[in-house]
Amino acid sequence: MTSEPARPTVGFIGLGSMGSGMTRNLQQAGYALVVNDVRKEAAEQLLAAGARWGETAAEVAAASDLVITMLPTPRHVAEVVTGPGGILAGIRDGGTWIDMSTSVPEVADQVRAEQAHRGLRILDAPVSGMSVGAAKGTLQIFVGGDAQDVARVRPVLEAMGDPERILHVGAHGAGYAVKLMINQLWFSHLVATAEVLSVGVKAGVDLAVLRDALVASPANSTFVERDVLSVLRDGDYDEGFAIALACKDLGLSVDLARAVGVPAEVSALVEQVYRRARASYGDRAGEMTPLRLYEDLIGRDLRL
């Protein structure tokens, strides 16, 4: 009778609205954790359940078989990985770093180029599913990198996401690109839906009737059928994901379009609508707050 191989110790840096749920699911799946965040209090429940605290990213990496980052911006990723006391200062040669942030490839590309002699295994694996999916362990995960590395870490990813929706989307950087495009289209759906609902209601159509007509039409989308209901039914603009981060993602998406030479006029306009909502309602407003811009314009809340 053969015993199962020991589970790797997972280092995890970034215990915000996404990382907190992801680490709880890793812990519940039996993985030993070494964690770090700018706020140690964010780790209290994990530490109480047996996780270890790493004072620096280097300490986390040195004590782990693989290290995951889940951070707000590319700047934060760069600081945590390459800065003083960063991951590179602690990770062993041949070690694994998985960046699950919504980011861009530059930091990982730089590490691969400058640290090639160390044989590091680097994957980009951003996620979709919001904080609810992180808490429930149902995230969709888009992985870019070598197929063998993806297969090796898949059990770790499956502890955080839906096994049927963990997709190897291509080479290094493909995960970042796919996630940015998903976010871009979702934000575009939101702005277009807000505009259509507002115009229809202002023209005298009952909101419920209008939405039912859209759902039954070729113009239907997952956003119209499901996602927008958090606002229409509950007045919930999803403060679990701040509009400041949404604006960051939109900026990265437009930057990517510019970098590959594709005009992105619609995406750029959606970005400006989001930035106007951020200016109007503040950085901590929810990612669906652009709907409020249109509600204010027509002088009524869009509620079923």
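The numbering scheme is per chain: residues are counted from 1 as the chain's sequence reads. Selection of residues for local features in this predicted model requires a pLDDT of at least 70, selection of side-chain atom pairs for listing and counting requires 80 or more, and totals for whole chains, interfaces and linings are taken over all residues. To get the side-chain values, take all heavy atoms of the structure and skip hydrogens and water.

### Overview of the overall build of the protein
Counting from the N terminus, the helices are the DSSP runs of H or I reaching at least four residues and the strands are the DSSP runs of E reaching at least two. The helix and strand inventory of the protein stands at 15 helices and nine strands. For the protein, whose C-alpha radius of gyration is 21 Å, the value lies close to the compact-globule estimate of 19 Å for 304 residues. With the principal axes as the frame, the protein shows a C-alpha extent of 65 × 45 × 35 Å. Per-residue burial over the protein gives 50% buried out of 304 residues. For the protein, contacts bridging at least 24 residues in sequence account for 67% of all contacts bridging at least 6. A total accessible area of about 14,300 Å² is found for the protein, and carbon and sulfur atoms account for 53% of it. For a compact globule the rule gives 2.2 Å times the number of residues to the power 0.38, and the radius of gyration it is set against comes from C-alpha atoms. Here's how the labels work: a residue is buried when its accessible area is under 20% of the maximum for its type, exposed when over 50%, partly exposed in between, all with a 1.4 Å probe on protein chains only. Contacts are assigned to residue pairs that have any heavy atoms within 4.5 Å of one another. All accessible areas in this document rest on Shrake-Rupley with a 1.4 Å probe, and a residue is counted as covered only by the protein chains that are shown.

### Re the packing of aromatic side chains
Each Phe, Tyr or Trp ring, with Trp reduced to its six-membered ring, pairs with another whose centre is within 6.5 Å; inter-plane angles below 30 degrees give stacked pairs, above 60 give edge-to-face pairs, and intermediate values give tilted ones. Tallying each qualifying case throughout the model produces three aromatic pairs. Measuring from ring centre to ring centre gives 5.7 Å for Trp186 and Phe187, while their planes differ by 75°; the resulting arrangement is edge-to-face. Through a chain of ring-to-ring contacts, the aromatic side chains of Trp186, Phe187, Phe223 and Tyr274 assemble into a single cluster. Over the aromatic face of Tyr237 sits the side chain of Arg292, whose NZ or CZ is 6.0 Å from the ring centroid. Note on criteria: charge over ring means Lys NZ or Arg CZ within 6 Å of the ring centre, with the direction from the centre no more than 35 degrees off the ring normal.

### Observations regarding the environment of Leu47
With respect to the element layout, Leu47 can be found in helix H2 (residues 44–48). A sequence separation of 224 residues divides Leu47 from Glu271, and the C-alpha atoms of the two residues are 39 Å apart. Once you skip the residues sitting within four places of it in the chain, Leu47 turns out to touch Val35, Lys40, Arg52 and Trp53.

### Things to note about unusual backbone geometry
Residues other than glycine seldom take positive phi values, yet Met130 does so here, at roughly 60°. Inspection of the secondary structure puts Met130 in helix H7 (residues 130–136). For Asp238, which is not a glycine, the phi torsion comes out positive at approximately 60°.

### Observations concerning the nonpolar core
Side chains that are nonpolar tend, in soluble globular proteins, to be buried together. What we call a nonpolar core is a set of buried Ala, Val, Leu, Ile, Met, Phe, Trp, Tyr and Cys residues that are connected through their side-chain atoms within 4.5 Å. Counting residues in hydrophobic clusters, the biggest one holds 32 residues, and the most contacted among them are Phe12, Met22, Leu26, Ile68, Met100, Ile141 and Met160. Beyond its immediate chain neighbours, meaning those up to four positions away, Met160 contacts Phe12, Met22, Leu26, Ile68, Met100, Gly137, Thr138 and Leu139. Membership of the second largest hydrophobic core comes to 31 residues, among which are Ala194, Leu207, Phe223 and Met288.

### A word on the packing of helix H9 (residues 174–202) against helix H14 (residues 265–281)
The relative placement of two packed helices comes down to the angle between their axes together with the axis-to-axis distance. For helices, the fitted line uses only the C-alpha atoms of the stretch in contact; every axis is such a line through C-alpha atoms, and the angle between N-to-C directions lies from 0 to 180 degrees. Where H9 meets H14, the closest approach of the two axes is 10 Å, and the angle between their N-to-C directions is 65°. Taken together, the axes of H9 and H14 lie roughly perpendicular to each other. Crossing of H9 against H14: the hand is left-handed. Within the contact between the two elements, H9 uses Gln184, Trp186, Phe187, Ser188, Leu190 and Val191 and H14 uses Ser267, Val270, Val273 and Tyr274. Residue type decides the class: Asp, Glu, Lys and Arg count as charged, Ala, Val, Leu, Ile, Met, Phe, Trp, Tyr, Cys and Pro as nonpolar, and the leftover types, Gly among them, as polar. Looking at side-chain class alone, the contact of H9 with H14 contains seven nonpolar, three polar and no charged residues. Under this scheme an angle from 65 to 115 degrees is roughly perpendicular, one under 35 degrees roughly parallel, and one over 145 degrees roughly antiparallel; angles in between are oblique. Here is the rule for handedness: rotate from the far helix to the near one, and if that takes an anticlockwise turn smaller than a right angle the crossing is left-handed, while a clockwise turn gives right-handed.

### Some points on empty space enclosed by the protein
Where empty space is left becomes clear once a probe the size of a water molecule has been rolled over the atoms. Cavity means a closed set of points on a 1 Å grid over the protein atoms alone, one where a 1.4 Å probe fits but cannot get out, pocket means an open set with protein on both sides within 12 Å along at least 5 of 7 lines, and lining means a residue has an atom within 4 Å of a point. Grid points are joined across faces, edges and corners, and a volume is the space filled by probe spheres set on the points. One pass over the full model with this rule turns up one cavity of 30 Å³ or more. The volume enclosed by the largest cavity comes to roughly 40 Å³. Taken together, Ala61, Ser64, Asp65, Leu66, Val67, Ile91, Arg92, Gly95 and Thr96 form the lining of the largest cavity. Partitioning the lining of the largest cavity into residue classes produces four nonpolar, three polar and two charged.

### Describing the pairing of strand S6 (residues 121–124)
For two strands to count as paired, DSSP must find a minimum of two bridges between them. Bridge count between strand S5 (residues 96–99) and S6: four bridges; the pairing is parallel. Following the sheet pairing, Ile98 is matched in S6 by Leu123. In terms of handedness, the path from S5 via helix H6 (residues 106–114) over to S6 forms a crossover that is right-handed. By the criterion used throughout, a crossover qualifies as right-handed when its path from the first strand across the helix to the second strand runs clockwise, the strands pointing away from the viewer.

### Considerations on the environment of Gly90
Here Gly90 is to be found in helix H5 (residues 87–90). For the pair Gly90 and Val178, spaced 88 residues apart in the sequence, the C-alpha separation amounts to 30 Å. Once residues within four sequence positions are removed from consideration, Gly90 is found in contact with Ala58, Ala61 and Ala62.

### Comments concerning the pattern of salt bridges
A pair can form between side chains of opposite charge whenever their charged atoms are brought close. Here, a salt bridge means any side-chain nitrogen of Lys or Arg that lies within 4 Å of a carboxyl oxygen of Asp or Glu. Enumeration over the complete set of coordinates arrives at 16 salt bridges. The structure contains a network of salt bridges with shared partners spanning Arg121, Asp149 and Arg152.

### Concerning the pairing of strand S8 (residues 139–144)
Counting buried residues along S8, six of its six residues qualify, which places the element largely inside the surrounding structure. Of the two faces of S8, the one carrying Leu139, Ile141 and Val143 and the one carrying Gln140, Phe142 and Gly144 are both buried. Inspection of the sheet shows S8 paired to strand S9 (residues 161–170) by five bridges, in the parallel sense. Bridging from a neighbouring strand, Val143 pairs with His168 of S9. Regarding the hand of the β-α-β motif, the stretch spanning S8, helix H8 (residues 147–158) and S9 is right-handed.

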